[in-house]
Amino acid sequence: MPAAVVRPGEMPVAEPQTPDIREGSVPGGDSKPAPVWRGFWQLPVLAVSSLLLVGGLAVTVMRAPKPDLTSAVDTAHQMIEAGQHGEALAELNAKVLPLLAKPEFPDDQRRQFHVLRARAIFLGQKAMGLDRPDNNANVIGEYRAAEKLHTVLEPRDQNYFAQTVLSVGDFDEAVRRAEMLAASEPELRTAILREVVEKSMIPGPANEARALDLIGRLTADPTVDDELRLWALARQGELLVRSGYADDAISRILRAAPRLQRGPAERMGELLVVLATAYMAEDAPAEAAKQLDRAAPLIGDEHALMARVHLMRGRIAVETQGDLLAAREHFKLVAERFSFSSEALPAQLGQAEVEFRLGIEAGADGRPSIDAASDLYALLVDRIGGGEASAEVTREILGSSIERAMRELSQRGAIRDTLRLGVTAERLYGRDKLPASVLLMIASDHLRLADGLLAGTDDQGARSIADADPATQREARDHLITAASYFRDHAARQIQVDAGEYADSLWNAADAFDRAGDASNAVSAFRQFAQDLPTDKRYPEARFRLAQAYQARGDLDQAAALYREMIAEGSSGPFADASYVPLAQTYLMDGDPANDAQAEQLLRRVVDGAIGGVGAPVFRTALYELGQYYAAKGEYERAIERFDEFLGRYNETDLTAAADGIAAMYKLADSCRLSAVAIESTLATQALPDSERIALETTRRARLERAGERFDMVRRALDSAPRRTALQDVYLRNAYFYAGDCAFDLRNFDDAIRAYDAAKERYSRDPASLVAMVQIVNALIEKGELDKAKTANTRARRFFESLPASAWDDPTLPMTRKGWERWLDSQAALGLFGPTAAAGGDE
């Protein structure tokens with residue numbers, strides 16, 4: 001560091017509070033706080049006080065008697081020799097530094113000042129176990145300032161200088177300083193050069209070239225002892241193995257070893273470990289094992305090199321002997337006994353891989369048990385994330401190991417275990433840097449889980465989430481959304497890499513979003529697919545499903561426009577035909593009655609066989625939609641006709657298994673019931689000829705009987721179903737109550753009471769139970785059993801009063817206005833208004 005000039009009125013300030021050496025004024029540079037120790041070095045009170053005097057110190061110095069520089073420098077020298085490095089630094093800073101800029105300052109004392117300051121900082125820092133960059137910079141600066149004054153550094157100062165530049169990574173300067181010691185202190189030179197070699201073992205062409213050159217220099221002297229030759233040969237072997245020349249390393253060691261057998265046992269053991277490493281690199285594990293057995297007793301069980309020995313023994317046990325249990329013990333020993341060695345991470349990775357293999361073999365019923373491996377992989381990720389490093393366990397090496405385990409688990413069908421490791425892989429890399437292959441695996445396995453949950457829900461297999469029970473819907477939807485997200489990320493990675501994988505992943509993302517009911521993301525993905533891949537064979541389907549996604553999102557105008565385009569173009573094949581029914585649906589959903597007739601025309605065109613014929617899938621869908629359209633308009637006769645035709649295309653097994661079959665059966669039953677209600681209204685409000693009245697009454701009874709039968713079929717089918725959707729739960733509940741209503745309206749009161757009792761038991765806590773209770777009261781009144789009716793009415797009223805008023809806001813409840821009117825009529829028939837109300841209420 002260049003020398004500093006202390007200007008008049010300036011003085012470096014020492015702050016003796018913390019245990020380190022701070023950067024101070026260095027000759028040749030700007031004035032900075034002087035280097036001192038804090039905490040560990042307790043300076044004398046007078047020295048501390050003098051260092052804290054900033055203002056006015058220069059004036060005091062100028063007026064004071066001329067200091068004895070020789071005495072101050074000698075005192076500092078004696079303090080350093082006595083190990084009082086902090087006190088020596090304070091002495092130099094207080095008594096010599098303020099006068100350093102004066103021209104009359106003697107050169108010999110100026111040179112000695114810089115050298116002593118360098119020694120004080122270097123030795124003080126070493127004594128405290130510190131290696132601070134600012135202190136190192138001060139040492140270098142002081143020595144360079146001394147050399148500018150033509151100081152010939154003593155061997156120990158050259159040594160201190162070399163060690164300091166080595167600390168800051170200036171290997172070439174360290175070598176130069178070491179060579180200056182060749183004649184006077186050859187042992188110091190050797191020690192420095194060995195340290196440079198050790199620090200140059202970091203992988204890298206420049207480092208390795210320097211290390212090999214220095215090894216050559218160290219062994220060039222024929223008088224070098226065997227200890228150094230063994231050490232140098234071991235380092236050379238390591239470098240050759242690392243550079244891919246394991247065979248050359250083996251040859252050199254084998255030729256040299258016989259001449260070095262009298263060398264220190266520990267060094268010979270170290271050389272044999274390097275030889276074993278070379279044999280492993282040459283895929284000769286048996287020879288490697290032999291050398292490890294020879295090395296172990298030479299270095300001893302507690303030697304740090306035993307971590308490498310156990311690591312290689314573990315690898316040999318896995319690769320050649322298939323002894324996973326022995327391998328696990330070797331790896332565990334390294335991780336536990338040598339946890340701070342460079343072999344700890346590789347050993348832990350080896351143990352994770354062994355635990356994985358053991359888990360695969362020991363899994364019950366063929367299912368892997370990967371808890372131990374998963375925990376170790378997670379721990380390795382934490383260590384890598386915490387900054388621990390190893391040339392043998394990089395982020396990429398660990399990631400590859402996790403990926404291999406994931407792939408095997410996935411192939412074995414252990415999907416949840418695969419995804420468990422996928423979470424660990426994502427923690428290792430971060431989502432943005434997760435390898436594309438892992439992204440695709442995670443996406444695919446989430447999709448497999450969703451498909452497994454939804455398997456068999458309809459004729460097409462795992463397709464419709466709407467047909468699953470609520471719990472399955474939630475879980476399957478989560479997996480579909482996650483799969484879609486990872487597919488989308490994978491597609492983004494592949495857009496410039498692999499057009500086929502880009503198309504497949506983008507399609508899978510769109511499909512999974514669509515199946516999960518995430519219309520907004522489905523729109524985005526299908527739109528991107530249609531824009532980017534117009535020549536893909538899935539392009540027509542992408543446009544059709546984009547229109548469906550628009551429709552699901554409520555963008556009815558955009559959906560209708562796209563459906564119309566496909567119909568007008570006619571080039572979309574089956575998807576043009578498939579657009580008729582959803583186009584009609586958009587017209588019926590848009591709240592504009594002006595285009596309802598157009599919707600009916602579209603549906604009638606399909607059911608008339610003009611689009612695809614009566615065998616096309618769209619034909620049956622159109623029948624169902626047309627039936628719903630007529631039922632919504634109150635045209636029950638036409639609705640019944642269409643639902644009958646729809647159901648006629650099922651056999652009985654298909655009818656109860658298919659979701660739209662059960663829905664159509666329920667809609668047919670309800671259309672028959674509502675038709676009977678409409679006929680009853682006609683009979684009650686219109687004067688009709690007797691023949692017409694009799695015919696209508698006959699039709700009404702037939703409709704009620706048919707409705708009751710169909711509701712009973714719906715009830716049986718849904719009661720025995722392994723799973724139901726929320727809508728099917730509504731169908732089932734209403735089927736119970738409407739079956740009773742049909743019997744009641746047919747005046748089959750005993751049948752009605754039995755049906756209502758069954759409904760009440762099935763839905764005892766549901767507000768709909770009030771319907772059954774009220775109708776039982778009404779049926780008993782019709783039968784003339786007034787006492788029983790009063791008792792039943794009391795139960796109904798208590799149940800009614802136990803419910804909050806908001807319970808009746810549910811529009812799906814089978815309690816209609818007519819039901820409320822009937823109950824009011826029953827209250828009157830039982831004499832429960834006025835004075836008799838209290839008496840009736842007490843029963």
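This structure is a prediction, so every number in the text was calculated from the model and none was measured.

Q: Quick question: what am I supposed to make of the overall build of the chain here?
A: Counting its secondary structure elements, the chain contains 40 helices and zero strands. Taking all 843 residues of the chain together, the buried fraction comes to 48%. A fraction of 61% describes how many contacts in the chain between residues 6 or more apart in sequence connect residues 24 or more apart. Surface summary for the chain: the accessible area is close to 39400 Å², and the carbon and sulfur share equals 51%.

Q: What's the story with the nonpolar core in this structure? I'm lost.
A: Soluble globular proteins: nonpolar side chains tend toward being buried together. Counting residues in each nonpolar core, the largest one holds 149 residues, and the members touching the most others are Tyr377, Leu398 and Ile402. Among the elements that make up this core, the one with the highest residue count is helix H37 (residues 769–783) (ten residues). For Leu398, the contacting residues outside a window of four places in its chain are Leu349, Tyr377, Leu380, Val381, Ile384, Val393 and Leu428. Listed in part, the 51 residues of the second largest apolar core include Val73, Ala120, Ala211 and Trp231.

Q: Can you walk me through the pattern of salt bridges in this structure?
A: Two side chains that carry opposite charge are able to pair once their charged atoms sit near each other. All chains considered together, the criterion is met by 71 salt bridges. One salt bridge in this structure joins Arg177 and Glu147, with 2.6 Å as the shortest N-O distance. Taken together, the positions of Arg177 in helix H8 (residues 171–179) and Glu147 in helix H6 (residues 133–148) put the pair 30 residues apart, joining distant regions of the chain. With a relative accessible area of 26%, Glu147 lands in the partly exposed category. Because the salt bridges share partners, they merge into one network encompassing Arg194, Glu198, Glu227, Arg235, Glu238, Arg267 and Glu270.

Q: Is there a simple way to explain the layout of surface pockets in this structure?
A: Take a probe with the size of a water molecule and roll it over the atoms, and the empty space left behind shows itself. There is about 890 Å³ of room inside the second largest pocket. When residues of the lining of the second largest pocket are traced back to their parent elements, those giving at least two are helix H11 (226–242) and helix H13 (265–281).

Q: I tried to follow the packing of aromatic side chains on my own but got confused; where do I start?
A: Per the stated rule, a full pass over the model turns up 15 aromatic pairs. With a centroid separation of 5.7 Å and 40° between ring planes, the pair formed by Phe544 and Phe575 is classed as tilted. Placement of Phe544 in helix H25 (residues 539–553) and of Phe575 in helix H27 (residues 574–577) is noted, with a sequence separation of 31 residues between them. For Phe575, a relative accessible area of 23% puts it in the partly exposed group. The interplanar angle of 35° and the centroid separation of 6.1 Å between the aromatic rings of Phe737 and Tyr763 together place this pair among those described as tilted. Taken together, the residues span a long stretch of sequence, with Phe737 in helix H35 (residues 726–745) and Tyr763 in the loop between helix H36 (749–762) and H37 at a distance of 26 residues. Of the two residues, Phe737 and Tyr763, both sit in the buried class. Through successive ring pairs, a cluster of aromatic residues spans Tyr666, Phe711, Tyr731 and Tyr738. Directly above the aromatic system of Trp231 lies the positively charged group of Arg194, at a separation of 4.6 Å from the ring centroid.

Q: Is there a simple way to explain the confidence of the model for the chain in this structure?
A: Residues shown with low pLDDT carry predicted positions that ought not to be read at fine detail. When pLDDT is averaged along the chain, the result is 84; 88% of the residues meet or exceed 70. Note that pLDDT drops below 50 for residues 457–462; the model gives that stretch 14 contacts with residues more than four away or on any other chain. Overall, residues 838–843 carries pLDDT values under 50, and its contacts beyond four positions in sequence, including any with other chains, amount to seven contacts.

Q: Even after reading the chapter, I still don't get empty space enclosed by the protein, so can you show me in this structure?
A: All told, the structure shown has one cavity of 30 Å³ or more when counted by the stated rule. Here the largest cavity is characterised by a volume of approximately 40 Å³. What lines the largest cavity is simply Phe122, Gln125, Lys126, Leu130, Asp131, Asn136, Gln163, Thr164 and Ser167. At the level of elements, helix H5 (107–127) and helix H7 (155–167) are the ones that each hand at least two residues to the lining of the largest cavity. Residue composition of the lining of the largest cavity, grouped by class: two nonpolar, five polar and two charged.

Q: Which parts of the structure should I look at to understand the side chain of Thr472?
A: Take Thr472: it is sitting in helix H22 (residues 470–494). Dropping the residues within four chain positions of it, Thr472 is found in contact with Leu453 and Leu454.

Q: Please explain unusual backbone geometry as it appears in this structure.
A: Note on backbone geometry: most residues besides glycine have negative phi, and most peptide bonds are trans. Even without glycine at this site, His150 takes up a positive phi of about 70°. Relative to the assigned elements, His150 resides in the loop between H6 and H7. Unusually for a residue other than glycine, Asp283 sits at a positive phi of about 60°. If you trace the backbone, Asp283 turns up in the loop between H13 and helix H14 (285–299). Of the residues examined, Asp283 reaches a relative accessible area of 65% and is grouped as exposed.

Q: Help me out: how do you make sense of the environment of Arg337 in this one?
A: With respect to the element layout, Arg337 can be found in helix H16 (residues 324–337). On the accessibility criterion, Arg337 (42% relative accessible area) is partly exposed. Residues contacting Arg337, with those up to four places away along its chain left out, are Asp301 and Glu302.

Q: Mind showing me how you'd approach a negative patch on the surface here?
A: A contiguous patch of negative charge, built from Asp247, Glu282, Asp283 and Glu319, is present on the exposed surface. Along the chain, the position of Asp247 falls in helix H12 (residues 246–256). Assessed through its relative accessible area of 48%, Asp247 is described here as partly exposed.

Q: Teacher, can you tell me more about H5 here?
A: The periodicity of an α-helix, 3.6 residues per turn, causes residues three or four positions apart to be oriented the same way. Over its 21 residues, H5 extends 30 Å from the first C-alpha to the last, a length consistent with the 30 Å expected when each residue adds 1.5 Å. Most of H5 is tucked away: 15 of the 21 residues are buried. Looking one or two residues past H5, Gly129 carries a phi angle of roughly 75°, positive in sign.

Q: Help me out: how do you make sense of helix H23 (residues 499–516) in this one?
A: With 18 residues, H23 ought to run about 26 Å at 1.5 Å a step, and its terminal C-alpha atoms sit 26 Å apart, in line with that. All of the buried residues along H23 are Tyr502, Ala503, Ser505, Leu506, Trp507, Ala509, Ala510, Asp511, Ala512, Phe513, Arg515 and Ala516. In this structure, the buried side of H23 is in contact with helix H21 (436–454), H22, helix H24 (519–532) and H25. Its side-chain oxygen placed 3.0 Å from the backbone nitrogen of Gly500, Asp498 serves as the N-cap of H23.

Q: What is the right way to read the environment of Leu732 from this model?
A: Topologically, Leu732 is positioned in helix H35. In sequence terms Leu732 and Phe711 are 21 residues apart; their C-alpha atoms lie 8.5 Å from each other.

Q: Mind showing me how you'd approach the packing of H21 against H22 here?
A: How two helices pack is summed up by the angle between their axes together with the distance between the axes. Running from amino to carboxyl end, H21 crosses H22 at an angle of 155°, the nearest separation of the two axes being 8 Å. Here H21 lies roughly antiparallel to H22, going by the angle between them. Both H21 and H22 take part in a crossing whose hand is left-handed. When grouped by side-chain class, the residues that make up the contact of H21 with H22 number 15 nonpolar, seven polar and three charged.

Q: Where do I start with the environment of Ala94 in this structure?
A: Mapping Ala94 onto the fold places it in helix H4 (residues 85–95). C-alpha separation for the pair Ala94 and Ala72, spaced 22 residues apart in sequence, amounts to 9.5 Å.

Q: Please explain the state of the cysteines as it appears in this structure.
A: Note on terminology: a disulfide is the covalent bond linking the sulfur atoms of two cysteines. Considering all chains together, one arrives at zero disulfides under this definition. No disulfide involves Cys672; its nearest neighbouring cysteine sulfur is the one of Cys742, lying 8.7 Å away.

What counts and how
Residues numbered from 1 in each chain as written. Predicted model: local features only at pLDDT ≥ 70, side-chain atom pairs only at ≥ 80, totals over all residues. Heavy atoms only, no water. Helix = DSSP H or I, 4+ residues; strand = E, 2+ residues; numbered from the N terminus. Buried < 20%, exposed > 50% of the residue type's maximum accessible area, 1.4 Å probe, protein only. Contact = heavy atoms within 4.5 Å. Areas by Shrake-Rupley, 256 points an atom, 1.4 Å probe, with all protein chains shown as cover. Core = buried A, V, L, I, M, F, W, Y, C linked by side-chain atoms within 4.5 Å. Salt bridge = Lys/Arg side-chain N within 4 Å of Asp/Glu carboxyl O. 1 Å grid on protein atoms, 1.4 Å probe; cavity = no way out; pocket = protein on both sides within 12 Å on 5 of 7 lines; lining within 4 Å. Points joined across faces, edges and corners; volume = space filled by probe spheres on them. Phe/Tyr/Trp six-rings, centres within 6.5 Å; stacked < 30°, edge-to-face > 60°. Lys NZ or Arg CZ within 6 Å of the ring centre and 35° of its normal. pLDDT = per-residue confidence, 0-100. Nonpolar A, V, L, I, M, F, W, Y, C, P; charged D, E, K, R; others polar. Patch = residues over 30% accessible without salt bridge, like charges linked within 9 Å, V, L, I, M, F, W, Y side chains within 5 Å. Lys, Arg positive; Asp, Glu negative; His and termini not counted. Charge placed at Lys NZ, Arg CZ, Asp CG, Glu CD. Expected span 1.5 Å × (residues − 1). Polar contact = N/O pair within 3.5 Å; in protein donor to acceptor, adjacent residues only side chain to side chain. Axes fitted to C-alpha atoms, helices over the stretch in contact; angles between N-to-C directions. Parallel < 35°, antiparallel > 145°, perpendicular 65-115°, else oblique. Left-handed = near helix turned anticlockwise from the far one by under 90°. Disulfide = S-S within 2.5 Å.

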